[in-house]
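If you want the building blocks of each chain, they are given just below.
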Amino acid sequence: MHPSRGLVVAVCATLLVSVLSVATVPLAAAAPGTGFGVDAYEQQAGDVVALDLSVPSGSTVTLAVAGPAYDVEATVVDVDGDGFVVVRLNTFAAGWRSTERVAYEAVGADRVAHVVRASPRRAVPLATGPYALELRGPIADRARLDLEAATFEAAVPRVAPRDAHPADSADVAALSPPNGTVAEGDWAVVTFHASGLGGVARLDEAPVTNLVYATESAANAESTHIVRHTLAANGSLSALTLDYDAGDGGIPDGLAGVSRATLDVGYDRDGDGAVDVDLTSAVSHVTLPRAGQVLVSFADAPPAVAGDTLVVRLPVTNPDGRGGDAVALTVDGRHTNGTLEYGLAGSGALGNGLDLRLTPVASDGRVGAARAVSPAVHEVFVDDTHDTLSVVFDTAVLDRGTYAATLALTPSNPRVSTPQTLTTTFSVVERLVTLDRPVPSFVVDGSRVPVQVDTTLAPGSELTLHVSSESTPGVLQVYVLTVGPDRTASVDVTLTDRLAGAEVRVVLRDDGHVVAGPHVGRPV
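One numbering rule holds for all chains: residues counted from 1, following each sequence as written. Restriction of local features to residues with pLDDT of at least 70 applies here, the model being predicted, together with a cutoff of 80 or more for giving and counting side-chain atom pairs; totals for whole chains, interfaces and linings are based on all residues. Processing note: side-chain calculations cover all non-hydrogen atoms of the structure and skip hydrogens and water entirely.

Looking only at helices and strands, the chain features one helix and 37 strands. Across its three principal directions, the C-alpha atoms of the chain cover 90 × 70 × 40 Å. Think of it in three bands: residues with accessible area under 20% of the maximum for their type are buried, residues over 50% are exposed, and the middle band is partly exposed, with areas taken using a 1.4 Å probe on protein chains only. In the chain, which comprises 524 residues, the proportion classed as buried is 50%. Here a residue-residue contact requires only that any non-hydrogen atoms of the pair lie within 4.5 Å. Across the chain, every contact between residues at least 6 apart in sequence was considered, and the portion connecting residues at least 24 apart equals 68%. Areas reported here follow the Shrake-Rupley algorithm with a probe of radius 1.4 Å; residue values treat only the protein chains shown as occluding. For the chain, the exposed surface amounts to about 22,500 Å²; the carbon and sulfur share of it is 52%. Across the chain, the 34 positively charged side chains and the 62 negatively charged ones have centroids separated by 2 Å. Each helix is a run of DSSP H or I of at least 4 residues and each strand a run of E of at least 2, with the numbering of both proceeding from the N terminus. The positive count covers Lys and Arg only, the negative count covers Asp and Glu only, and His and the chain ends enter neither. By convention, the charge on Lys lies at NZ, on Arg at CZ, on Asp at CG and on Glu at CD.

This part is about the pattern of salt bridges. Note on pairing: side chains with opposite charge can pair once their charged atoms come close. Salt bridges are defined as contacts in which a side-chain nitrogen from Lys or Arg sits within 4 Å of a carboxyl oxygen from Asp or Glu. The final tally for this structure, using the stated rule, is 22 salt bridges. Between Arg88 and Glu105 there is a salt bridge; the shortest N-O distance is 2.5 Å. Residue Arg88 is located in strand E6 (residues 84-90), and its partner Glu105 is located in strand E7 (residues 104-106); the two are separated by 17 residues in the primary sequence. On the accessibility criterion, Arg88 (14% relative accessible area) is buried. The partly exposed category is assigned to Glu105, whose relative accessible area is 41%. Here Asp308 makes a salt bridge to Arg269, at a shortest N to O gap of 2.8 Å. Within this pair, whereas Asp308 is found in the loop between strand E20 (293-298) and strand E21 (309-317), its partner Arg269 is found in the loop between strand E17 (264-268) and strand E18 (277-278), the two being separated by 39 residues in sequence. By sharing partners, the salt bridges in this structure join Arg162, Asp186, Arg431, Asp510 and Asp511 into a single network.

With that out of the way, let us pick up the side chain of Thr359. The topology assignment puts Thr359 in strand E24 (residues 354-361). Residue classification places Thr359 among the buried residues on the basis of a relative accessible area of 11%. Residues in contact with Thr359, not counting those within four places in the same chain, are Val367, Gly368, Ala369, Ala370, Thr402, Tyr403 and Ala404.

Any region with low pLDDT has predicted coordinates that should not be read closely. What pLDDT conveys is the predictor's confidence in a given residue, as a value from 0 to 100. Overall, the predicted model of the chain reaches an average pLDDT of 89, with 92% of residues at or above 70. Counted against residues more than four places away or in other chains, residues 520-524, with its pLDDT under 50, gives five contacts.

With 40 residues, the main nonpolar core has Phe192, Leu354, Leu389, Phe393 and Phe426 as its most contacted residues. Where this core is concerned, the elements lending two or more residues are strand E11 (152-160), strand E13 (187-194), E24, strand E26 (379-383), strand E27 (388-394), strand E28 (401-409) and strand E29 (420-429). Here Phe393 is in contact with Asp186, Trp187, Ala188, Val190, Leu358, Val373, His378, Leu398, Ala405 and Phe426, once residues within four sequence places are set aside. We call a set of buried Ala, Val, Leu, Ile, Met, Phe, Trp, Tyr and Cys residues a nonpolar core when their side-chain atoms join them within 4.5 Å.

Right, let's get into the packing of aromatic side chains. Under the pairing criterion, centres of Phe, Tyr and Trp rings, with the six-membered ring standing for Trp, must be within 6.5 Å; the plane angle then separates stacked pairs below 30 degrees from edge-to-face pairs above 60, leaving the rest tilted. In total, this model carries five aromatic pairs according to the counting rule given. Note on Phe92 and Trp96: the rings are 5.7 Å apart at their centroids and 75° apart in plane angle, and the pair reads as edge-to-face. Assessed through its relative accessible area of 1%, Phe92 is described here as buried. Trp96 sits in the buried class, given a relative accessible area of 12%. With centroids separated by 5.3 Å and ring planes inclined at 35°, the aromatic side chains of Phe393 and Phe426 adopt a geometry described as tilted. Within this pair, whereas Phe393 is found in strand E27, its partner Phe426 is found in strand E29, the two being separated by 33 residues in sequence. Since its relative accessible area comes to 0%, Phe393 is described here as buried.

Time to look at the pairing of strand E16 (residues 239-243). The element E16 is extensively covered by neighbouring structure, given that four of its five residues are classed as buried. Only strands joined by at least two bridges in the DSSP assignment are considered to pair. Across five bridges, the pairing between E16 and E20 is antiparallel. Bridging across to E20, Leu240 finds its partner in Val296. Sheet topology places E16 next to strand E22 (residues 323-331); four bridges connect them, and they run antiparallel. In the strand pairing of E22, Thr241 is matched with Thr330.

Every second residue of strand E35 (residues 488-494) is oriented toward a common face, the buried set being Ala489, Val491 and Val493 and the non-buried set Thr488, Ser490, Asp492 and Thr494. Summarising the sheet, strand E32 (residues 448-455) and E35 pair through seven bridges and their orientation is antiparallel. Each bridged residue has a counterpart across the sheet, and for Asp454 the counterpart in E35 is Thr488.

Working note: non-glycine residues mostly have negative phi, and peptide bonds are mostly trans. Of note, the amide linkage connecting Arg437 to Pro438 takes the cis form, showing an omega dihedral of -5°. When you line up the elements, Pro438 lands in the loop between strand E30 (433-437) and strand E31 (441-443). A positive phi angle, near 55°, is found at Ala69, a position not held by glycine. Look at Asn220: it is not a glycine, yet its phi comes out positive at around 65°. With respect to the secondary-structure elements, Asn220 resides in the loop between strand E14 (212-214) and strand E15 (222-230). When its relative accessible area of 46% is taken as the criterion, Asn220 is described as partly exposed.

Below you can see the structure in the form of structure tokens.
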């Protein structure tokens with residue numbers, strides 16, 4: 001076995017949940033009943049800080065937090081009676097929401113019973129600076145929280161092998177050095193080095209994953225509303241109805257101006273966010289059956305395939321409101337209820353003014369239409385420990401070409417007055433494996449045959465090399481080659497003396513498929 005062979009990162013099927021946006025609890029927890037786990041906590045403004053508390057078993061304690069224009073008391077209950085409670089304090093939500101309770105949450109079975117904000121409601125999230133922490137009740141202790149300014153630093157592309165899907169932020173951190181070229185089918189991973197996003201990013205309920213997403217979510221703003229709905233059956237569409245008044249009002253202005261000329265309709269077949277089959281030419285007419293409803297009728301529409309995503313884009317003016325608004329979509333009698341969010345919560349693909357976009361870039365530098373990145377298609381991880389937000393792009397749904405990945409915190413977020421943006425590019429290329437040496441078929445003239453391979457596959461990818469001979473039935477030897485950081489792989493094949501003068505063939509396989517050798521293009 002060649003020494004270049006290494007372990008491939010194991011594939012993990014468990015989806016990352018938003019708890020990973022929380023600062024890690026120290027491994028060495030304090031003994032029960034001793035108070036705070038550490039004397040001082042540090043976190044960036046906008047992140048979530050985990051306050052680890054050791055309290056008398058089954059007790060109820062008061063957690064007090066006081067700092068710049070902020071004074072709060074939270075009642076914390078050790079429900080499971082183990083003497084340990086972790087309280088997650090969302091420093092973005094704290095201080096300025098209508099209820100302070102949304103900023104405090106206990107992990108597991110324990111709970112935060114109620115929260116009282118003694119200070120006036122702030123106009124913006126918590127300021128940077130020191131905050132005094134105090135426990136009162138059957139246990140008394142003090143600690144400090146230092147809230148530091150958040151940062152936007154750099155964006156770095158990396159790649160991962162097709163069979164080593166990064167399942168969490170630890171897998172992302174273990175990837176190879178920066179690399180912006182990814183073979184189709186492998187994973188393109190972009191890591192944005194930015195802090196203060198743990199409490200900002202709404203990964204589990206990102207606005208872009210809603211039934212309707214407003215590209216501009218501010219009240220009374222001119223916007224494009226994007227409907228995305230997965231179709232359950234094959235067949236041609238005859239009609240769809242979008243209902244903004246699904247029982248709660250919230251009707252946008254300008255619906256009377258929606259027409260065949262202003263509407264875009266189509267199927268997204270590969271999940272990349274772009275329309276692959278255009279239906280606009282099949283729109284026969286657009287009507288408004290009643291206030292808040294848009295009815296689109298079709299004639300001879302191209303057929304859909306079950307699993308296609310129906311995409312509708314229409315220009316509107318948002319209503320005067322914010323928060324979630326119930327909407328509904330009916331497609332040929334099949335009814336779906338959903339949500340559209342206005343205001344800060346719905347701002348940006350990830351909410352709260354945090355936007356994540358992928359933009360195709362042509363070889364001549366021309367920039368295509370930016371697409372909002374959905375965590376439902378490409379996984380997104382926030383790592384408070386390393387101050388990063390990473391996106392795992394599934395290149396199976398992307399065409400070959402260059403893409404710009406951009407993370408932006410816009411001024412709709414009260415933390416910033418000017419946009420903060422990080423951008424990097426990566427290129428999706430053909431999946432190629434080239435056998436540099438030896439030639440696929442050769443006559444044996446020595447016992448050692450060096451094999452050298454060049455490839456576009458991600459470092460860590462594995463190829464299998466099959467060695468056979470016309471004079472001997474079956475495969476003589478099988479080697480596993482691991483692609484190195486320079487995207488080459490090599491191994492020395494050792495042949496017995498009895499094969500001297502015989503013709504030997506070598507065949508390379510990638511995930512079972514022949515990619516190099518005398519039988520490329522037909523079964524082996």
